[in-house]
Amino acid sequence: RRRRRRHPNWPARWIIGTLLAGAVAYLTIPASLEHQRLEAIGLKPSYGQLVVQQSARLLGTAWFFFVGASIGSFLNVVVWRVPRGRSLFGRSHCPWCAVQIPGRDNLPVLGWVLLRGRCRTCRLPISPRYPLVELGMGLLFLLVLGVELLSGGSSLPVREVASRQGFFEVVYTPQTELLGLYAFHMWMLAHLVAWTLIQRDGLKVPLRYVAFVLVSALVAGISFPWLHPVPALFGPLAGFARLMPWFNRALTGVAGFVFGALLGNEFDMARSARRPQATWFLGLAGAQLGWQAAFGIALIATFLQLGSMIWRRLTQPRHEWPLGAAIFIATLSQLIFWRSTAEIPWWPGPDASLRAIAIAGIVIVAIQFLIRYSHRREPRVSAATE
């Protein structure tokens, strides 16, 4: 039988070549610019030493991306198996022929590209959502890494910005609190992504999965209070914190979950959802970021939802993204611009007055009532939104 001719995998070659060229440019160009800058001020640095330092930064960036992409690969397994009641243990397998995927084909992002998006055994297509989730999680890890960790916590409110910044000062010389905050926040964002994808598939997020994530967040917050930069009794309520420091420590996550769940229930009521959606999303965000941040996230998500409603009226799309996507974007925005929004007097931040927080709550409820009235007058777009 005549052997089938193998065509070169040009997409894989382009991606690998681009990565190699980018790595060489990342190693040489910044080192050259730094070398010229130091020489201009009268210093005589070693160019090789600058390249070695840049190599350490590159390896650190690649490591964080690989960890994020690997977690994205695991989230693909969670999204597929957990709603269907299957175990998370066991090797990954092809969704068509059920053959186990070997380790060389299970590399995040790159494995799918090398296989040209098809199973090695049955040659049937594998959904591109798998590498997109892995790529998205890798980039999400790098985004939060740069904004929160390498900046010394400059995006976090209340706490002082660390004087040591960068890979060598934060990662290679570990700052425990910053690394813990980074891991704590990535835990939240990863599960918000998983819940959004499950709802996108039109499936229900199992209650035991929600309970595991929420309990883990609450226990971590109580065990390590520095994971909450803004305690529950802060700002206008700071006077009570001096009388009840331990109560304030335990109350932060619980109060955040309660207020977040109440605000999320308004979203669910506006959409007449048959099962909780936004309740768990905002409950998790409040449990990890505090009740003040829960109001800010709900406010951002409300305006995103209002914009989506207007866009849907104008374009009439065939499918609608689940509400969890808006809450995830709002949570990420709150995390990135947390310190900036905390300085706005009328924003429901740590130092905001109770009046500003009450006004934010009224705005959220009013817009959700408007959205609820709008949904009553239009047909349901897709069952995946439920």
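Here, the structure is the one placed above.
In short, a report on the structure. (Residues numbered from 1 in each chain as written. Predicted model: local features only at pLDDT ≥ 70, side-chain atom pairs only at ≥ 80, totals over all residues. Heavy atoms only, no water.)

Glancing now at unusual backbone geometry. Phi angles above zero are rare outside glycine, and Val109 is one such case at about 65°. Residue position: Val109 is located in the loop between helix H2 (47-81) and helix H3 (110-114). (Helix = DSSP H or I, 4+ residues; strand = E, 2+ residues; numbered from the N terminus.)

A word on the layout of surface pockets. Volume-wise, the largest pocket comes out at about 680 Å³. In terms of lining, the largest pocket is formed by 20 residues, of which the most central are Ile15, Leu19, Ala62, Phe65 and Leu135. Elements that contribute at least two residues to the lining of the largest pocket include exactly helix H1 (10-40), H2 and helix H4 (129-149). Here the lining of the largest pocket gets eight residues from one element, more than from any other, and that element is H1. (1 Å grid on protein atoms, 1.4 Å probe; cavity = no way out; pocket = protein on both sides within 12 Å on 5 of 7 lines; lining within 4 Å. Points joined across faces, edges and corners; volume = space filled by probe spheres on them.)

Following the criterion strictly, the structure yields 14 aromatic pairs and no others. Where Phe167 meets Tyr172, the ring centres are 6.1 Å apart and the plane angle is 35°; that geometry is what we call tilted. Here Trp291 and Phe295 contribute two aromatic rings whose centre-to-centre distance is 6.2 Å and whose plane-to-plane angle is 85°, an arrangement assigned as edge-to-face. With Trp291 and Phe295 both in helix H11 (residues 291-315) and four residues apart, this pair spans about one turn of that helix. Overall, Phe295 belongs to the buried group, its relative accessible area being 8%. Cluster of aromatic residues (ring-pair linked, three or more members): Trp63, Phe64, Phe141, Phe167, Phe168, Tyr172 and Tyr182. (Phe/Tyr/Trp six-rings, centres within 6.5 Å; stacked < 30°, edge-to-face > 60°. Buried < 20%, exposed > 50% of the residue type's maximum accessible area, 1.4 Å probe, protein only.)

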